Structure formats: structure tokens, C-alpha cells
Amino acid sequence: MKTKALMILACLAFCFSCDDPYENIPDDKSYNGKPFVSLSSESGVINLNGTTKGALTDSVALSHRQDHDITVTLELVERFTVGEVGTHFTYENNLTIPAGAFYGHFKAEALDVKEDGDVKISDYKLSVRIKSVDDPNIIPGLYGNKLEGEERQKRYKTISFRK
């Protein structure tokens, strides 16, 4: 019993003698780099509510307010999209972040998402990412995880569909 108590005391003494790993982190933890625009999240859902149609209004976020309108262009990520743009769904590929605002909005719509043979409604996916921004001083999108053997890719948003 005496040995256990000594071990516990030794462990406590060791822990309290260690440096605080957070003591050298400045109180100001805000990002001070170039402004960037990013998708508001990595996923979204359009609820079809028993029909083949539905819509989702989503947003992109700007890290620093600007004194002028910002135009953001979205593009389809074909590799992760299941279904056809213009047939099954569509999305607004240009949106504006108004001067002084942090957010801009775009709409994705289900046009005709229905079960077709082996394809279930939940199999359809619409994936988009930020392609460009009309201001060269704003970084367009953030980069995601790097897959082995390929270049780092921009983050994308996948919109799925639910009955």
C-alpha cells in the first residue's frame, strides 16, 4: 500500500512539474492572413417529402468583410456526383457576397430525383466546390485532406437527397 501511495505522489509531482503546453500561445488567436471564402459545410440534404422535387438554399462564408461585392463561382465535382445536372438536379454556379457581408447564398434544386432500377433516391449526390472568386486578393476555398498519390484538392460540398 505504501508503494502505491508513493507512486501516486511521484506521478502527481511529475505532472505538476511539467511545463504548461499552452502558456506560449498568444491570447489573440485570430486569423490575420489573406481573406478567404469557403463553403459553409461539407454536406447538405434536400428533403423531397414524397415528391421528386425539392430545394436547398446554402451559403459560402467570407473570412473578412470587404467594401465591395464579391462574385464566387461554383463548379461541379463530377467525381463525387451521382446523377445528371439539368435532369436530376441543378445548382446556381454564381453567387454574390454583398459588400460588408460575411455570407453569400446559392440554391440547389432537385428536378426529378426518383428511384430508377437499382438506383435509390439516397444514391443521388450533387457535389460542388468553389472554382474562383472575382477578387485576386481573396483565396477561393480551402483545401481538404490529401489522398495518397494525388494533388491536394479543394474541399467540396455534397448534397444528398432523402424521401
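Residues numbered from 1 in each chain as written. Predicted model: local features only at pLDDT ≥ 70, side-chain atom pairs only at ≥ 80, totals over all residues. Heavy atoms only, no water.

Here we look at the overall build of the chain
Consideration 1: Along its length, the chain carries one helix and 10 strands.
Consideration 2: Along the chain, helices (α) and strands (β) appear in the sequence α-β-β-β-β-β-β-β-β-β-β when read from the amino end.
Consideration 3: Counting only residues that meet the buried cut, the chain has 31% of its 163 residues in that class.
Consideration 4: Residue pairs in contact within the chain that sit at least 24 positions apart in sequence constitute 73% of those at least 6 positions apart.
Consideration 5: For the chain, the exposed surface amounts to about 10900 Å²; the carbon and sulfur share of it is 52%. (Helix = DSSP H or I, 4+ residues; strand = E, 2+ residues; numbered from the N terminus. Buried < 20%, exposed > 50% of the residue type's maximum accessible area, 1.4 Å probe, protein only. Contact = heavy atoms within 4.5 Å. Areas by Shrake-Rupley, 256 points an atom, 1.4 Å probe, with all protein chains shown as cover.)

Some points on the nonpolar core
Consideration 1: Among the nonpolar cores identified, the biggest contains 27 residues, and Val 37, Val 60, Val 72 and Phe 161 are the most heavily contacted of them.
Consideration 2: For this core, the secondary-structure elements that each account for two or more residues are strand 1 (36-39), strand 3 (54-62), strand 4 (70-76), strand 5 (89-91), strand 6 (94-97), strand 7 (103-110), strand 8 (125-133) and strand 10 (157-162).
Consideration 3: Looking at this core element by element, the count peaks at four residues for strand 8.
Consideration 4: Val 72 has contacts with Val 37, Val 60, Asn 93, Asn 94, Leu 95, Ile 97, Ile 130 and Ser 132, leaving out every residue within four places of it along the chain. (Core = buried A, V, L, I, M, F, W, Y, C linked by side-chain atoms within 4.5 Å.)

Thoughts on the environment of Phe 102
Consideration 1: The residue Phe 102 is located in the loop between strand 6 and strand 7 in this model.
Consideration 2: Remark: the alpha-carbon pair of Phe 102 and Val 60, spanning 42 residues in sequence, is separated by 8.4 Å.
Consideration 3: Not counting chain neighbours up to four residues away, the residues in contact with Phe 102 comprise Val 60, Ala 61, Leu 62, Ser 63, His 64, Arg 65 and Ile 97.

Some points on the side chain of Lys 154
Consideration 1: Checked against the element boundaries, Lys 154 lands in the loop between strand 9 (139-140) and strand 10.
Consideration 2: It turns out Lys 154 is buried and unbridged, and the closest side chain with the opposite charge, Glu 75, is 5.7 Å from it.
Consideration 3: Within polar-contact distance, the side chain of Lys 154 engages the backbone oxygen of Ile 130 at 3.3 Å. (Lys, Arg positive; Asp, Glu negative; His and termini not counted. Salt bridge = Lys/Arg side-chain N within 4 Å of Asp/Glu carboxyl O. Polar contact = N/O pair within 3.5 Å; in protein donor to acceptor, adjacent residues only side chain to side chain.)

Digging into the pattern of salt bridges
Consideration 1: A complete count under the given rule lists five salt bridges for this structure.
Consideration 2: Among the salt bridges present, the one from Glu 75 reaches Arg 129, with a minimum N-O distance of 2.8 Å. Highlighted residues: Glu 75 in strand 4 and Arg 129 in strand 8, separated in sequence by 54 residues.
Consideration 3: Classification of Glu 75 as partly exposed rests on a relative accessible area of 23%.
Consideration 4: In this structure, the salt-bridge partner of Asp 112 is Lys 114, at a minimum N-O distance of 3.6 Å.

Thoughts on the environment of Phe 161
Consideration 1: With respect to the secondary-structure elements, Phe 161 resides in strand 10.
Consideration 2: The exposure class assigned to Phe 161 is buried, which follows from its relative accessible area of 3%.
Consideration 3: For the pair formed by Phe 161 and Asp 123, sequence separation is 38 residues and the distance between their alpha carbons is 7.9 Å.
Consideration 4: Residues in contact with Phe 161, not counting those within four places in the same chain, are Ile 46, Leu 48, Phe 89, Ala 110, Val 113, Ile 121, Ser 122, Tyr 124, Lys 125 and Leu 126.

So, the packing of aromatic side chains
Geometry of an aromatic ring pair is reported as the spacing of the ring centres plus the angle between the planes.
Consideration 1: Scanning the model with the defined rule gives two aromatic pairs in all.
Consideration 2: With a centroid separation of 4.5 Å and an interplanar angle of 10°, the aromatic rings of Phe 80 and Tyr 156 are classed as stacked. Taken together, the residues Phe 80 in the loop between strand 4 and strand 5 and Tyr 156 in the loop between strand 9 and strand 10 connect sequence positions 76 residues apart.
Consideration 3: An angle of 10° between the planes, with centres 5.5 Å apart, marks the rings of Phe 89 and Phe 161 as stacked. In this pair, Phe 89 is assigned in strand 5 and Phe 161 in strand 10, connecting sequence segments 72 residues apart. Just as Phe 89 is buried, Phe 161 falls in that class too. (Phe/Tyr/Trp six-rings, centres within 6.5 Å; stacked < 30°, edge-to-face > 60°.)

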